Amino acid sequence: MARIKVRLPGPLVDLFPGSVRRLEVEARTVREMIDALNERWPGMRDRLCDTTPAIRKHINVFVDGERARLEMKLEPGTEVFILTAISGG
């Protein structure tokens, strides 16, 4: 397992008491990272993924600056940013 750094958006952290903006987890793929987050804060997977399963359209996951999908592999020390989409009108 790779130890990776994860950055969560404020709106997501606000939904899960006790969660934090920055943390480290062990995961080999983005899917495993989301599973690790869900183990700590049940229900987080449902906020990040739809039922197909895929990352929700209004959620962006970036791995070392590259937009990621669930099956993307993670290397030790990788930085993962989870962002919520911003829209306006």
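See the structure shown above.
Residues numbered from 1 in each chain as written. Predicted model: local features only at pLDDT ≥ 70, side-chain atom pairs only at ≥ 80, totals over all residues. Heavy atoms only, no water.

This part covers the nonpolar core. Across soluble globular proteins, you tend to see nonpolar side chains buried next to one another. Membership of the largest hydrophobic core comes to 29 residues, with the highest contact counts inside it found for Leu 8, Val 30, Met 33, Leu 37 and Ile 82. Contributions of two or more residues to this core are made by strand S1 (3–7), helix H1 (10–15), strand S2 (22–26), helix H2 (30–40), helix H3 (44–48), strand S3 (59–63) and strand S5 (79–84). At five residues, H2 tops the list of elements feeding residues into this core. Once you skip the residues sitting within four places of it in the chain, Val 30 turns out to touch Ile 55, Val 61, Val 63, Ala 68, Arg 69, Leu 70, Met 72 and Leu 74. (Core = buried A, V, L, I, M, F, W, Y, C linked by side-chain atoms within 4.5 Å. Buried < 20%, exposed > 50% of the residue type's maximum accessible area, 1.4 Å probe, protein only. Helix = DSSP H or I, 4+ residues; strand = E, 2+ residues; numbered from the N terminus. Contact = heavy atoms within 4.5 Å.)

This part covers the sheet that holds strand S4 (residues 66–67). Pairing in this open sheet of five strands is mixed, and the strands run S2-S1-S5-S3-S4 from one edge to the other. On the outer flanks of this sheet lie S2 and S4, each paired with one strand and no other. The pairing of S3 with S4 spans two bridges and is antiparallel. For Phe 62, the partnering residue across the bridge sits in S4 and is Arg 67. (Pairing = 2+ DSSP bridges.)

Glancing now at unusual backbone geometry. For the peptide bond that leads from Thr 52 to Pro 53, omega is -20 degrees, which places it in the cis range. For Pro 53, the location among the structural elements is in the loop between H3 and S3. Phi at Asp 64 takes a positive value of approximately 50 degrees, unusual for a residue other than glycine. Within the fold, Asp 64 resides in the loop between S3 and S4. Taking relative accessible area as the criterion, Asp 64 reaches 55% and is therefore assigned exposed.

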